[in-house]
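Now for the letters of each chain:
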Amino acid sequence: MEKYNIVIIGGGPAGLAAASAAYDEGERSILILERDKELGGILNQCIHNGFGLHTFKEELTGPEYAKRFSDQVAEKKIEYRLNTMVMDISPDRMVTAMNRTDGLFTVQAGAVILAMGCRERSRGALNIPGYRPAGIYSAGTAQRLVNIEGYMPGREVVILGSGDIGLIMARRMTLEGAKVKVVAELMPYSGGLKRNIVQCLDDYGIPLKLSHTVVDIQGKDRVTGVTIAEVDSSNKPVPGTEEFYSCDTLLLSVGLLPENELSKTAGVALSRITNGPTVNEQLETSVDGIFACGNVLHVHDLVDYVSEEAAMAGRNAARFVREGRISDRSRELPIHVEGGPRYTVPCTIDPARIPEQLTVRFRVGSVMKNRYVSVYLDGERVLRRRRQIMAPGEMEELVFKKSMFEAHPDLQNITIRVEEA
Amino acid sequence: MEVRNLICINCPMGCPLEVTLDGGEVVSVTGNTCPRGAEYGRKEVTNPTRIVTSSVLVAHALNGEKTVSCKTRTDIPKGRIFDVVKALKGITVEAPVHIGDVILPDAAGTGVPVVATKEIL
Amino acid sequence: MYDVVIVGAGVTGCAVARYLSRYEVKALVLERGDDVCVGTSKANSAIVHAGYDAENGSLMAKYNVEGSRMMEPLSKELDFAYDRCGSLVVCLSEKDLPRLWALYENGVKNGVEDLRVIGRAELLDMEPNISPDAVAALWAPTGAIVCPFGLTIALAENAAVNGTEFRLNTEVTGIRRENGYYVAETNQGPVEARAVVNAAGVYADEIHNMVSEKKIRITPRKGEYLLLDHATEGYVKHTVFQLPGVLGKGVLVSPTVHGNTLVGPTALDIEDKEAVNTTADGLQDVIAKSGLALRDIPLRQVITSFAGLRAHEASHEFILGEVSDAPGFFDCAGIESPGLSSAPAIGLHMSDLVAEKLGLAMKQDFKAERKGILDAKKLSAEERNELIRKEPAYGQIICRCESVSEGEIIDAIRRPLGARNLDAVKRRVRAGMGRCQAGFCSPRVIEILARELGIPESEITKNGGDSKYIVGTAKDRI
C-alpha cells in the first residue's frame, strides 16, 4: 500500500494552500487528490476579478489566483493526481480513491486534510413548486457553461437568491447577451457582498427584490416563466403579491453546503449549523489527524481567507505528522457565543496550545448595526471591537492573541458576545 | 454642494463612502478605510471605470479546453463595457496561451489591451 | 403491416411488448416521449403491493397478487432492482382496529400470503420511528419495492432484443379500422397493424374512444412526492402506509431500492393530462401527513419533489381485454395503483389474449434473460480494478453524489433503446439523481451524450422535445 505523510483531499484553493504551507513546514511526503482535470477547483470558472487583494495586494481573477498557488505546488514538486475521486476515508486515515490509470487504490496517510469545498443547494431542497423543465440551473452550473464551455444556458433570466455567485452570474449573463429580469431574495437582506450588488446589479440596472421568492415555475419542456411573490416575516408567500416573469431560465443561488459525505465515512463530527466539521484551534476535526479547511469546513466569502485558513491546517498537519498528538482533547474549551454569532471556527480552543495569533471566524444570524464584538475569558473582557454593520452574508473575524490567555492559567470559559454599542 | 453616497467596490469590505462635490469638483471623500477607497470615490463620481472580464474561444488546446478567460489589463470607462465585450465576439486564440498574453491590443478604442487570465497549453 | 401495435411505452406497454415477444410476431411500440418510461411509470410510489388492498374479486386484486408473485423471479431474469422489504399498514387509533382486520381479511381472501396483524410492541421493534399513536399494524412480508425505471427499461430492452420495434417521439393522433386491420395515424406517418394494444396511460381514454362507441373517461389523479437523500437510509425499513381512519388518509413513507426515503403521494383529480407540476399546497400536504404514522421524518434532507398522474377511471378498476365493438383492439386502461405491481401479470395475460386472437406461435429462440447495466459499486475492489484496466472509463467518476462512472453512462447510451437525453441517463444509471440534482455532472453527461451520439452538445435535451439544455454560444446575440 502507498504511504504519504499528508494526503490532501481536493486541489482547489484550500488544498493547494494547505499543501504549500505543509511543505514550508518541512514536510515532503504530500499527495493531493483532485477529482477535476486540473488544479484550482472552482476558481477556474470564477473568471471575474476581485481575488487576492488581501494575499497578494493586487486584484486578480479566479484563474490567476489559482495559478499563483498551483505554481507554488509545481515549484515545490508536490505530488498530485488529477481526475481522481476519493471514495472513502477511514478513521485510521486510509484513503481509498479511484481514477482511470491507477484503478481503485488505497493510501495510508499520516494526516489527512479535508479540502473538498462545497456544493450548491438545489431546487429540491427548497421545495419550490412547479414544473421540472429544462432551464433551471444552479448559478455555478451556469457559470461553468458560460465561462468554461462558452455556451449560453438561456436568454431571459430570473435569478433566485442573491448569493455572490448569483450576483456575479447576473452580470456575466448580461455581458454575454442575456436579459436578466430580476434577482429575488427570500431574506430581507442580500446574501452576497455589497460590492457585488453595486457592480453586478446596479451597474446594469437589474432589480433586486428582497423578501421575495419563486412560488411557481411554468414550462413543460423548457422554462417559460416563473412567478415571484413577496414573503412575510416567516418567509411565507403573501397572497396577492404574485408577479409573473416570462423567461426561459431560472438560476438558483440559494446557498452553499460544505461537501462532507467523505468526512462522514471517516466518522468526523459535523456542526449542524455550518454542516462542516467541528474543529479545534489546530483545525483538527473530532478524528485524530484529520484536519479541515476552506469551504468544506465552513462556507467563506473570500478566497484569501480560505488560503490563510488552509495554510494553518497544512502547518498543523505537518506538525501532527512530526510530533504526534498535538492537543489534549480533554483540555479543549468550547467557544460560547452570545447575542448574534451562530457559530465559530474553530469551535474549541486548548489554551495551552494557542499560537501567537489565532483568527476566529464567525457569522451572525441577522443584520446587526452598531455593535461591539467582545471576547470574555472567565467573564473578563479581554477584547472589544466595534462593528458598524454585520450581516449573515459577510464573515466576521477576531484575532485572539496568546497574551490574552496567559493571564488566565485556569481558564474555564471562553465567550464571544455581541453587545449594543 | 452635492453629496453622493456610494459603496466602495475595491474590496469585499464594501465601505460606505460619502463623496462631496462642488460644481463637479470632488471636495472630500469620507467613510473609506484605505486610500484606494478615496480614489474609487473620486473616480466613481467623475469618470467611473471598471475592469471587464470575459472569455474567448481557444483552438488546439492540449487538454481540450474550449475557452480562455480574459480581462482588460486595467479599468476602462464604465460606459464602454458593452463595446469591449462586443469587440471580443468572434475572437479565437491559438493555444498555448499564457496569463498576460494580449488577446486584443486595444479594446474598442479604449487604449487598454485585453489579456488572458488563464494558462491553456 | 405489423401484427401488433402497442400504444405507449410505459410499464404496461413494455410488459405487454416483452411477453408478446415470446411469440413469432411483428410488433411495434409507439411512444410520444424521447424515451420509454416517461409518464405515469416514472413518477409513482415504486411499490410492489402485496395485494391486500384491492377489492376481492376485482381485476385489480387478481393482477396485483399475481404480479407481486411474478416480480421477484422477473427481477432476476431481467436484472432490475427489487427488494422484498415488506409493508406495514399502521393503525393509529383503537377505533380503527375493525378496519385493520377488514383489510387483513380482504387480503387473505385475495390470496396474499403470510399476512399478520401485529401489536404495538412488535411494530416498534420493526420500525423504531413509529408514531406514539400507533396501536397495531397489518404486516405484509410479501410487500416489496422496485425501481420503476429499472423494471420498465428492462422489459423494453428485452422486448427489443427479442425483435420488438420501438418508435420514440411518435404520437398517435388517430386510429381507424380499414379492411379488417387498423391504421394508426401518427406525427411520423401512418402505421398499419392487425391488432392494437392501448397502453396509453392517462391518454388511454382518447386512444380507446378513437375506435369504440363505448366511451371511457380517464381522469388524471395527481400525486405529489418528496424524495429524501440516501443519507436517510434506514429511517424506515419497510414501506409504511397509514390505515385510512379517523385522522384521515395519510401518505406512505418508504425506503427505495437505492436507499432514499420516499414520502407521498397526495391525491387530487385534475383536468390537465400534462400537469405534472408540484404545488405549494400539495407539498405542504405531504409534509403535514408524513408525520401521522412516523415521527422525526428527516425532511431537512429532501433532495427533490415531483408529481405523477395516475390514470384513474371512474369505476376504479382495470379495463383489460378486447374492446367489444372493436375486434383486435385491446385495452389496458385505468391502470392506476396497483398498476406497477400488476404489470408483469397484465403483460403476460394480454400478450396471450392477443396471440390467441392472431393465432401466433411461440418463438423458439426467445431470450428470456437480460443483463442490466453493470453497477460498478457492487463489485469487489479486485473486480473493479480488473474492469478499469479493461475499460478505463469505469475509473472516471462523473456523478459524484451517486458515484456513477463514465463507463456506466456509456453503457446506458450504447445498449438497446439507449439513453438519448439527460433524464434518460439519470433513469438508467442515476447520474444526476443525487443530492446536488445534476448541478455538477450535467455538463459532463452532455459531453458524453454528444460524443456517443455524434451530435453537437447544443442538441442534447433534458428529456426530449424542446427541453434543450444549452440555447446558444456566448456572445452569439450581441
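Residue numbers here run from 1 along each chain, matching the order of that chain's written sequence. Naming scheme: in the order in which they are written, chains are lettered from A and ligands are numbered from 1. Totals for whole chains, interfaces and linings use all residues, but because this is a predicted model, local features are given only for residues with pLDDT of at least 70 and pairs of side-chain atoms are given and counted only at 80 or more.

Novice: How would you sum up the overall build of chain B? Please name residues and give values.
Specialist: Secondary structure follows DSSP: runs of H or I at least 4 residues long count as helices, runs of E at least 2 residues long count as strands, and numbering of each begins at the N terminus. Counting its regular elements, chain B contains 2 helices and 10 strands. Taken against the 2.2 N^0.38 rule, which gives 14 Å for 121 residues, the C-alpha radius of gyration of chain B at 18 Å runs more than 25% over that of a compact globule. With respect to the three principal axes, the spread of C-alpha positions in chain B is 55 × 30 × 15 Å. Long-range pairs, those at least 24 residues apart, make up 48% of the contacts in chain B with a sequence separation of at least 6. The globule rule is 2.2 Å times the number of residues to the power 0.38, and the radius of gyration it is compared with is taken over C-alpha atoms. Working definition of a contact: two residues with C-beta atoms, positioned from the backbone, lying within 7 Å.

Novice: Quick one: what's the story with the overall build of chain C, residue by residue and with numbers?
Specialist: In terms of regular secondary structure, chain C is built from 12 helices and 23 strands. For the C-alpha atoms alone, the extent of chain C along its principal axes is close to 60 × 55 × 50 Å. Any residue with 12 or fewer other C-beta atoms within 10 Å of its own C-beta is exposed, any with 20 or more is buried, and the rest are partly exposed; the C-beta atoms used are placed from the backbone. Of all 478 residues assigned to chain C, the portion counted as buried reaches 59%. For chain C, contacts bridging at least 24 residues in sequence account for 74% of all contacts bridging at least 6.

Novice: For the packing of helix α1 (residues 11-20) of chain C against helix α8 (residues 339-358) of chain C, give the residues involved together with the corresponding values.
Specialist: Residue and element names in this part refer to chain C. At their nearest, the axes of α1 and α8 sit 7 Å apart, and the two run at 45 degrees to each other. Accordingly, the angle class assigned to the pair α1 and α8 is oblique. Taken as a pair, α1 and α8 cross one another with a handedness that is right-handed. Listed contacts from α8 to Val 11, Thr 12, Ala 15, Val 16, Arg 18, Tyr 19 and Leu 20 of α1 are Gly 339, Leu 340, Ala 343, Pro 344, Ile 346, Gly 347, Leu 348, Met 350, Ser 351, Val 354 and Ala 355. Fitted lines through C-alpha atoms give the axes, limited to the stretch in contact for helices. The angle between two N-to-C directions lies from 0 to 180 degrees. Any angle between 65 and 115 degrees counts as roughly perpendicular, while under 35 counts as roughly parallel, over 145 as roughly antiparallel, and the rest as oblique. Crossing handedness follows the turn of the near helix against the far one: under a right angle anticlockwise gives a left-handed crossing, and clockwise gives a right-handed one.

Novice: Requested: an account of the interface of chain A and chain C, with residues and values cited.
Specialist: Interface extent is often summarised as the accessible area lost during association of the parts. In this assembly, 41 residues from chain A lie in contact with 42 residues from chain C. For the side of chain A that touches chain C, the element with the most residues is helix α4 (residues 139-147) of chain A, which contributes 5 residues. Whether two strands pair comes down to DSSP finding at least two bridges between them. Relative to strand β23 (residues 472-473) of chain C, strand β11 (residues 151-152) of chain A is paired through 2 bridges, and the arrangement is antiparallel. Bridge pairing in β23 of chain C links Tyr 151 of chain A to Thr 473 of chain C.

Novice: Provide a residue-level description of the sheet that holds strand β3 (residues 47-48) of chain C, including the pertinent values.
Specialist: As summarised here, the arrangement of the 3 strands in space is β3-β8-β4 (chain C), forming an open sheet in which the pairing is antiparallel. Both outer strands of the open sheet, β3 and β4 (82-83) of chain C, are each paired with one neighbouring strand and no more.

Novice: How would you explain the pairing of strand β1 (residues 2-9) of chain A if you had to name every residue and give the values?
Specialist: Residues and elements named next belong to chain A. Where β1 and strand β8 (residues 103-114) come together, 7 bridges link them in parallel fashion. The partner of Ile 8 across the bridge, within β8, is Ile 113. Consider the strands pointing away from the viewer: the crossover is right-handed when the path from the first strand over the helix to the second runs clockwise. Between the parallel pair β1 and strand β2 (residues 30-33), the chain is carried across by helix α1 (residues 13-24), and the sense of this crossover is right-handed.

Novice: Could you give an account of the packing of α1 of chain A against helix α8 (residues 303-323) of chain A, with specific residues and numbers?
Specialist: All names here are of chain A. It is at 7 Å that the axes of α1 and α8 come closest, and there the two elements cross at 40 degrees. Considering their axes alone, α1 and α8 lie oblique with respect to each other. Crossing hand, α1 versus α8: right-handed. Only Val 303, Val 306, Ser 307, Ala 310, Ala 311, Ala 313, Gly 314, Arg 315, Ala 317 and Ala 318 of α8 make contact with α1, whose side of the interface consists of Pro 13, Ala 14, Ala 17, Ala 18, Ala 19, Ser 20, Ala 21 and Ala 22.

Novice: Tell me about the environment of Lys 109 of chain C, and please be specific about residues and values.
Specialist: When you line up the elements, Lys 109 of chain C lands in helix α3 (residues 97-110). Expressed as a C-alpha distance, the spacing of Lys 109 of chain C and Val 90 of chain C, which sit 19 residues apart in the sequence, is 20 Å.

Novice: Give a detailed account of the sheet that holds strand β24 (residues 357-364) of chain A, specifying residues and quantitative values.
Specialist: Residues and elements named next belong to chain A. Judged by pairing direction, the sheet is antiparallel, and its 3 strands sit side by side in the order β22-β24-β27 without closing on themselves. Looking along the sheet, the strands with just one partner apiece sit at the ends: β22 (341-345) and β27 (396-401). Adjacent strand axes in the sheet meet at a mean angle of 30 degrees, parallel and antiparallel pairs treated alike. Strand direction decides the pairing type here: β22 and β24, joined by 4 bridges, are antiparallel. When the sheet's bridge partners are listed, Thr 344 is paired in β24 with Phe 362.

Novice: So what about the domain arrangement of chain B? Which residues, and what values?
Specialist: Domain boundaries shown here were taken from an automatic or database domain assignment. When cut into domains, chain B gives domain 1 (2-47) and domain 2 (53-116). Computed over C-alpha atoms, the centres of domain 1 of chain B and domain 2 of chain B are 30 Å apart.

Novice: Give a description of the domain arrangement of chain C that names residues and reports values.
Specialist: Residues and elements named next belong to chain C. Examined at the domain level, chain C breaks down into domain 1 (83-144 + 219-312) and domain 2 (377-477). Just the C-alpha atoms count here: the centres of domain 1 and domain 2 sit 33 Å apart. All amino acids are sorted into three groups, where Ala, Val, Leu, Ile, Met, Phe, Trp, Tyr, Cys and Pro are nonpolar, Asp, Glu, Lys and Arg are charged, and the leftover types, Gly among them, are polar. Its residues assigned to classes, the side of domain 1 that touches domain 2 comprises 1 nonpolar, 2 polar and 1 charged.

Novice: So what about helix α12 (residues 442-453) of chain C? Which residues, and what values?
Specialist: Residues spaced three or four apart along an α-helix face the same direction, because each turn holds 3.6 residues. Expected span of a helix: the number of residues minus one, times 1.5 Å. For α12 of chain C, which comprises 12 residues, the first-to-last C-alpha distance of 16 Å matches the rise-based estimate of 16 Å (1.5 Å per residue) to within 8%. What α12 of chain C keeps buried is the set Ser 442, Pro 443, Val 445, Ile 446, Ile 448 and Leu 449 of chain C.

Novice: An account of helix α10 (residues 406-414) of chain C is needed here, citing residue identities and associated values.
Specialist: Residues and elements named next belong to chain C. Taking burial as the measure, the 9 residues of α10 include 7 buried ones, the bulk of the element. For α10, the complete set of buried residues consists of Glu 406, Gly 407, Glu 408, Ile 409, Ile 410, Asp 411 and Ala 412. Residues of α10 that are buried sit in contact with β21 (397-399), β22 (404-405), α11 (422-429) and α12.

Novice: Help me get a handle on the nonpolar core, residues and values and all.
Specialist: We define the nonpolar core as any set of buried residues of the types Ala, Val, Leu, Ile, Met, Phe, Trp, Tyr and Cys, connected via C-beta atoms lying within 7 Å of each other. Judged by nonpolar contacts, the single largest core of 291 residues is most densely connected at Ile 6, Ala 18 and Ile 113 of chain A together with Val 90 and Val 197 of chain C. In terms of residues, this core owes the most to one element, α8 of chain A, which gives 10 residues. Composition of this core by domain shows at least three residues from each of domain 1 (83-144 + 219-312) and domain 2 (377-477) of chain C. Sequence-distant contacts of Ala 18 of chain A, that is, excluding residues within four places in its chain, are made with Ile 8, Ile 113, Ala 115, Cys 293, Ala 310, Ala 311, Ala 313 and Gly 314 of chain A. Residues Leu 175 of chain A together with Val 84, Val 93 and Ala 107 of chain B belong to the second largest nonpolar core, which totals 22 residues.

Novice: Any details on unusual backbone geometry? Residues and values, ideally.
Specialist: In this chain, Val 345 of chain A is followed by Pro 346 of chain A through a cis amide linkage whose omega measures -5 degrees. Position of Pro 346 of chain A among the secondary structure elements: in the loop between β22 and β23 (348-349). Following Gly 264 of chain C, the chain continues to Pro 265 of chain C via a peptide bond in cis, the omega torsion being -5 degrees. Counting through the fold element by element, Pro 265 of chain C comes out in the loop between β16 (261-264) and β17 (268-269). Unlike most non-glycine residues, Leu 283 of chain A shows phi in positive territory, near 65 degrees. Within the fold, Leu 283 of chain A resides in the loop between α7 (261-265) and β20 (290-292).

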